[in-house]
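# Overview (structure and organization)
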Amino acid sequence: MTTPSPLLSRPGAVEAAGADAGVAAHYGEPLREQRALAAGTAVVDLSCRGVVTVTGPDRLSWLNTLSSQQVTGLQAGESSELLLLSVQGRIDFDARVIDDGGTTWLIVEAAEAAPLAEFLNRMKFMLRVEIADVSADWAVVGSTKAVPEWSSYLAWQDPWPHVSAGGYSYATVAEQNHPGLERPWFEYLVPAAGLEAAVDGRPLAGVLAAEALRVAAWRPRIGAETDDKTIPHELDLLRTAVHLAKGCYKGQETIARVHNLGHPPRRLVFLQLDGSQHTLPDAGSPVLVGERKVGAVTSVAQHYEMGPVALAVIKRSVAADEILTVLDGDEPYPAVQELIVAPDAGQVVGRQTGFLKGPR
């Protein structure tokens, strides 16, 4: 995002930092805003997001050959998620995908838009596709409910936590018990010039509210839960962003090998943090078992019901019932882990027992 959102001029607005710079972290009452966002009465300015378009008759079949997701038959208005991986199966790009029948829209983190457009342009060859970074022309607005008055806007609906066609769940909870069901999520594409008019009269929540609901839903975010070694299995992204039966694409060998024969080396966990300090650790703080570092906190939030919570990526070998400690400087935060990715995730071929059961 090149310019700050016009909604930063609203009373009480405090600008966010990091990946969300340019929009409001909150408007003066973070927890009240979070309740309103969860209830569906408030919307959140996400115009810090990047938007890349792909047009042309070959767009879906071409994206299908490049990505982890089956998008050839994507219908107009249908939402999906795709990953672009390295040869080693590591996540390079994570895009929210929606097609309007003539254009495929990719909603990404702000820092991803230009590199993604550049990468896609390098991969065009002789195909009938055109790629454009249109981040400056479009704003993204998030909501936990569909907004009837915005029916003319294209809306991406997060498939999380449902297991998409061709996907696979690494969670130890059944889909009907997944906490992500408490956070339906829509991202509307609104012309940037019309952002203020679109939200006029609507309560606004800051990105702190959206992040707290995301963490509580166990929803990973690129740039937060990922680093240069992350593979999708570690974050339960086979659930929504990978089609295990589609044709060849870069990184597919790693996806198949780890899923069928191996185990991801790390796993995503949800942490309930001790709230007695009345402070929060920073993202990046080490996670310890005793004095041994076993991972790092990736996202931290103050949830309006649960208090201080976090996501962390830790070593697969850490016992599921281990009490962890998050260390921020000299400040220890005892943390109880809830499994997101099962410790025995992967090795599906021949699976009979464990946290995850094999297919019938």
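Residues numbered from 1 in each chain as written. Predicted model: local features only at pLDDT ≥ 70, side-chain atom pairs only at ≥ 80, totals over all residues. Heavy atoms only, no water.

Here the focus is the packing of aromatic side chains. Evaluation of the coordinates by the stated rule reveals five aromatic pairs. Judged by centre distance (5.0 Å) and plane angle (75 degrees), the ring pair of Trp 105 and Trp 138 falls under edge-to-face. With Trp 105 in strand 7 (residues 103-108) and Trp 138 in strand 9 (residues 138-143), this residue pair connects regions lying 33 residues apart in the sequence. Judged by its relative accessible area of 24%, Trp 138 falls in the partly exposed class. Relative to Tyr 170, the ring of Tyr 168 lies with its centre 5.8 Å away and its plane at 75 degrees, an arrangement referred to as edge-to-face. With a relative accessible area of 18%, Tyr 168 lands in the buried category. Under the relative-accessibility criterion, Tyr 170 is labelled buried at 0%. Pairwise contacts between aromatic rings join Trp 150, Tyr 153 and Tyr 188 into one cluster. The ring of Trp 160 carries the charged tip of Arg 239 above its face, separated from the ring centre by 5.6 Å. (Phe/Tyr/Trp six-rings, centres within 6.5 Å; stacked < 30°, edge-to-face > 60°. Helix = DSSP H or I, 4+ residues; strand = E, 2+ residues; numbered from the N terminus. Buried < 20%, exposed > 50% of the residue type's maximum accessible area, 1.4 Å probe, protein only. Lys NZ or Arg CZ within 6 Å of the ring centre and 35° of its normal.)

To continue, consider the sheet that holds strand 15 (residues 292-303). Here six strands make up a closed barrel; going around it, the order is 13-16-15-14-17-18 and the pairing antiparallel. Between one strand axis and the next, the sheet turns through 40 degrees on average, direction left out of account. With six bridges connecting them, strand 17 (residues 323-328) and strand 18 (residues 331-339) associate as antiparallel partners. Opposite Ile 323, over in strand 18, you have Val 336 as the bridge partner. Along the sheet, helix 5 (residues 207-216) makes contact with strand 13 (266-273), strand 15 and strand 16 (307-315), crossing strand 15 at roughly 130 degrees. (Pairing = 2+ DSSP bridges. Axes fitted to C-alpha atoms, helices over the stretch in contact; angles between N-to-C directions. Contact = heavy atoms within 4.5 Å.)

So, on to helix 1 (residues 30-39). Residues of helix 1 that are buried: Glu 33, Gln 34, Ala 36 and Leu 37. Summarising the axial view, the buried residues of helix 1 lie within an arc of 165 degrees, below the 170-degree limit, and thus occupy one face. Immediately downstream of helix 1, the backbone of Gly 40 shows phi near 85 degrees, a positive value. (Arc of directions from axis to C-beta.)

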